[in-house]
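The chain contents come next:
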Amino acid sequence: MHRSWRVILAAAVLLLCAVVASAQGDQKPAPKPPSTYDKIWTTFTDWYNDKENPVVQRILFTGRFQEDYASVEADQGSHSEWNVRRLRLGPRITFFRDYLFHTEVELNPQEHDPFYVRMTDLYVAWQKHPKAVVTVGKQSVPFTQEGATSSKELVTIDRSNLVNNIWFTQEYMPGVSLSGRAAPWTYRAGVYSSGAMNRELGKFNGDAFTLMLVGYDFAKKLKVREATLTGNYLYQHPDVNNTFTKRFEHIMSIHFKLDQPRWGFRSDLSKTKGYLGQRNVLGVMAMPLFNATDKLQFVARYTFLDSDGINGLSLATYENKVVSGRGDRYTEGYVGANYYFYGHKLKLQSGVQFADMNDQANDGGEYSGVAWTTGLRVGW
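A separate point is the side chain of Thr228. Take Thr228: it is sitting in strand β10 (residues 226–236). For Thr228, the side chain forms a polar contact with the side chain of Glu226, separated by 3.0 Å. Residues contacting Thr228, with those up to four places away along its chain left out, are Tyr216, Asp217, His255, Phe256 and Lys257.

On to the nonpolar core. By size, the foremost hydrophobic cluster in this structure holds 36 residues, and its most contacted members are Phe143 and Tyr367. At four residues, strand β13 (residues 281–291) tops the list of elements feeding residues into this core. Excluding anything up to four places from it in sequence, Tyr367 contacts Val72, Ala74, Gln76, Leu315, Glu319, Val323, Ala355, Asp356 and Met357. With 13 residues, the next largest nonpolar core counts Trp41, Phe61, Leu376 and Trp380 among its residues.

Let's shift gears to the pattern of salt bridges. As enumerated under the stated definition, the model contains twelve salt bridges in all. A salt bridge links Glu81 to Lys321, with the shortest nitrogen-to-oxygen separation between them at 2.7 Å. With Glu81 in strand β3 (residues 77–95) and Lys321 in the loop between β14 (296–307) and β15 (329–340), the pair connects residues that are 240 residues apart, well separated along the chain. By relative accessible area, which is 16% here, Glu81 ends up buried. Residue classification places Lys321 among the partly exposed positions, given a relative accessible area of 46%. Residue Glu106 pairs with Arg88 through a salt bridge whose shortest N-O separation is 3.5 Å. Taken together, the positions of Glu106 in strand β4 (residues 99–107) and Arg88 in strand β3 put the pair 18 residues apart, joining distant regions of the chain. Neither residue differs from the other here; Glu106 and Arg88 are each classed as buried. Connected through shared salt-bridge partners, Arg85, Arg86 and Asp158 make up one network.

Moving on: the pairing of strand β1 (residues 46–49). As defined by bridge partners, β1 adjoins strand β2 (residues 56–74) across three bridges and the pair is classed as antiparallel. Across the sheet, Asp46 pairs through a bridge with Leu60, a residue of β2. Between the antiparallel neighbours β1 and β2 lie six residues.

Parameters at a glance
- Every chain is numbered on its own, with residues counted from 1 as its sequence reads.
- Reporting of local features is limited, given that this is a predicted model, to residues whose pLDDT is at least 70; pairs of side-chain atoms are given and counted only at 80 or more, and all residues count toward the totals for whole chains, interfaces and linings.
- Excluded from the side-chain calculations are hydrogens and water; all other atoms, namely the structure's heavy atoms, are used.
- In DSSP terms, a helix is any run of H or I states spanning at least four residues, a strand is any run of E spanning at least two, and both are numbered starting from the N terminus.
- Under the rule applied, a polar contact is a pair of N or O atoms within 3.5 Å (in protein, one hydrogen donor and one hydrogen acceptor; residues adjacent in sequence only if both atoms are side-chain atoms).
- Contact between two residues is taken to exist if any of their heavy atoms lie within 4.5 Å; hydrogens are not considered.
- By nonpolar core we mean a set of buried residues, namely Ala, Val, Leu, Ile, Met, Phe, Trp, Tyr and Cys, connected to one another through side-chain atoms within 4.5 Å.
- To sort residues, take the accessible area from a 1.4 Å probe on protein chains only and compare it with the maximum for the residue type: under 20% means buried, over 50% means exposed, and anything in between is partly exposed.
- We define a salt bridge as a contact between a side-chain nitrogen of Lys or Arg and a carboxyl oxygen of Asp or Glu at a distance within 4 Å.
- When DSSP finds two or more bridges between two strands, those strands count as paired.

Distances and angles like these do not, on their own, reveal function.
Next up, the structure:
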């Protein structure tokens, strides 16, 4: 019954996309009036907008809906499923002109218990100056190339296994951060709680971790649209109560993002030092992309992971349904295509992963298989 509901929902949304795309018609590049998509998204998301109000200036409805179909065929077994990958929603309120309150909850419509999964964002930000934004509360912790990219804006159907093993995939942690942009520089510094995890702010019974990030955009020097090189360093004091995070004392990541109108490239080199039995991990990711048209995009990705001992690595979301054990070396090749109806706000994504994981301990972590995932991504 759940599967039928998801198929009907996905078909209805795709039909709506086709109808809207047909109604929109061809438009000249510039200048142009608001498109049909613009009108729909504005009506749906812009709940209140009054710059003259001294208390509340704007209320936006934010969120995302992401539906997947995944099929895995491996030497160790097979698995397929329809899955509501993410459903999040909440308000984004600008008040007293310089302050922002943002909260979102994650829901799971596939399950009755728990339907409410967790609170993701729950913070207040002072944003009077773009060069120095102060954020207090539960917020995204951005490090590594794909970990610093919102799931709304990924150019692959999901993040690589480098991120699954090195980045803190819970993503949202309570803390205080200072971030800003003064072109061509960007930076972030933050202190976050990594105590025992719960669905809200955690129990604050563990230690903290710190994150420092500095990026420089070489676009003008290279005469391209964007060429940002970013360095990340994270330090976490070892603590057995830290369950919001992975057990790494040190994480270092250098990543690069290059964008041109027709092509682009992403890369990541990350190294960790584990604690309490977690092995050290080295990860490499390279991702070229090509824009065939303004709507059709092709993407490839190579990922390599190596741990300095047995059972230091795990598999990604859907492969893990076939092999739940751990290994010590992982390689992946990915090829995919994206079709953008309305930029990252409405798109179809599909990708095939060819992956292998070695398991020197021979205790259930060996994997060799192909996984195909396709999905609808809606963001607002």
